[in-house]
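Survey of secondary and tertiary structure
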Amino acid sequence: VVHPRARPLLDAADELGLDIRDSANVPRGLVRLGLLPSAGRALVSSLFEHLRDRSPGIRLHVVEAFTGMLDEYRNSGRIDISTVTRYGPLEGREELLGSFDNYLVGPQGDNVTSGPTIEFRKLGGLPLVLPGLPSELRVRLEQHARKLGIHLDIVLEVEALNVMKEVVSSSRIYTILPSYAVSREVGEKALSISRIVKPVIPRVMCLDVTSARPMSLATREVAKGIRAISKQLIANGTWARAVEA
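Residues numbered from 1 in each chain as written. Predicted model: local features only at pLDDT ≥ 70, side-chain atom pairs only at ≥ 80, totals over all residues. Heavy atoms only, no water.

Side note on the packing of aromatic side chains
Worth spelling out the cut-off: Pairing of aromatic rings covers Phe, Tyr and Trp, the last through its six-membered ring, and needs centres within 6.5 Å; plane angles under 30 degrees mean stacked, over 60 mean edge-to-face, and all others mean tilted. Per the convention used, a helix needs a DSSP run of H or I reaching at least four residues, while a strand needs a run of E reaching at least two, with both numbered from the N terminus.
Scanning the model with the defined rule gives three aromatic pairs in all. Measuring from centroid to centroid gives 5.9 Å for Phe100 and Trp239, while their planes differ by 85 degrees, and the two rings are edge-to-face. Here Phe100, found in strand E4 (residues 95-100), pairs with Trp239, found in the segment after helix H7 (217-235); they are 139 residues apart in sequence, far enough to count as distant. When the centroid spacing of 5.5 Å and the interplanar angle of 40 degrees are considered together, the rings of Tyr180 and Trp239 count as tilted. Placement of the pair is Tyr180 in the loop between strand E9 (175-178) and helix H6 (183-187) and Trp239 in the segment after H7, with a sequence separation of 59 residues.

Here it is as structure tokens:
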């Protein structure tokens, strides 16, 4: 009974605190950050060190989820800022961080993923583990499959990246991910990858902020850090960018 009346007061108090801190031009306070599982490994530690050196007053609360859930969290105000994946034009406040190719991921020593590239039509009939609908990746893959007249055999739906990779490694099925999501496993010879071509299916990683409240100085500082670190990860090859078919 009390909560609906108290919530606006609490939100107003939070905004007042942000205004006071921002008026001193010192970024500080809690920033709720949503990250893609595939990107979080490389980004979190670097971002933490970046902020500790430049803005020690900022505290991060990190949530890891796929794009659909991050969109929901951000739109409702549960997180302040997020990195998400898109397969079409960016909208609203979305800001491009980079474009990355998708790869067919299989177990180590697998013949299907032994070459550097694989044509999309050869995915037809392969047992696949993918996120469930309404995943934008699923939608795009099925659109391309219909155009080419092939059937994608999705035998398992998984919303957790580590589980997905474990299933591929142990059950000899396949998934589709950017190369940076499996770089460690490929290096350890647990998984193998082949870039999907004809057509290539680039995924765009972008930065977005919540519209549920004004953007604080601390959130702006976190966004600035993510931009800088993303450029570094692309420049040093940790995040391999999309290339032409």
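Once you've had a look at it, read on.
Points about the pairing of strand E5 (residues 102-107)
We apply this condition: With a 1.4 Å probe rolled over the protein chains alone, any residue whose accessible area is under 20% of its type maximum counts as buried; one over 50% counts as exposed, and the rest are partly exposed. Should DSSP find at least two bridges between two strands, the strands are regarded as paired.
For E5, the buried fraction is high: six of the six residues fall into the buried class. In this sheet, E9 lies alongside E5 in antiparallel orientation, the contact comprising four bridges. Among the inter-strand pairings, Tyr103 is bridged to a residue of E9, identified as Leu177.

A word on the sheet that holds strand E3 (residues 81-86)
Cut-off, in case you're wondering: The axes are straight lines fitted to the C-alpha atoms, using for helices just the contacting stretch, and the angles between their N-to-C directions are given from 0 to 180°.
Here five strands make up an open sheet; going across it, the order is E2-E1-E3-E11-E4 and the pairing mixed. Because the sheet does not close on itself, it has two edges, and the strands there are strand E2 (58-64) and E4. Taken over all neighbouring pairs, the strand axes of this sheet differ in orientation by 20 degrees on average, direction set aside. Taken together, the five bridges between E4 and strand E11 (residues 203-209) define a ladder with antiparallel strand orientation. Note that in E11 the partner of Gly98 across the bridge is Met205.

Topic: unusual backbone geometry
The phi angle of most residues is negative, glycine excepted, and most peptide bonds adopt the trans form. Following Leu133, the chain continues to Pro134 via a peptide bond in cis, the omega torsion being 15 degrees. Following Lys198, the chain continues into Pro199 via a peptide bond in cis, with omega recorded as 5 degrees. Examined against the element boundaries, Pro199 turns out to sit in the loop between strand E10 (191-197) and E11. With a phi angle near 55 degrees, Arg172 is a residue other than glycine that sits in the positive phi range. Here Arg172 shows up in the loop between helix H5 (161-171) and E9. Look at Lys198: it is not a glycine, yet its phi comes out positive at around 50 degrees. Structurally, Lys198 is set in the loop between E10 and E11. On the basis of relative accessibility, which here comes to 58%, the residue Lys198 falls in the exposed class.

Focus: H5
Filter applied, for reference: As used here, the arc belongs to the directions running from the helix axis to the C-beta atoms.
Three or more residues of H5 are buried, namely Leu161, Met164, Lys165, Val167 and Val168. Down the axis of H5, the smallest arc covering the buried residues is 160 degrees, so these residues share one side. Opposite the buried face of H5, by more than 90 degrees, sit the exposed residues Asn162 and Ser170. A positive backbone phi angle near 55 degrees is found at Arg172, which sits one or two residues after H5.

Comments concerning the sheet that holds E10
Filter applied, for reference: Should any heavy atoms of two residues lie within 4.5 Å, those residues are counted as being in contact.
The four strands lie next to each other as E6-E10-E5-E9, forming an open sheet whose pairing is mixed. Each edge of the sheet is formed by a strand with only one pairing partner; in this case those strands are strand E6 (117-119) and E9. When strand polarity is set aside, the average angle formed by the axes of neighbouring strands in this sheet is 45 degrees. Of the strands in this sheet, E5, E9 and E10 are in contact with H5, which crosses E9 at around 125 degrees.

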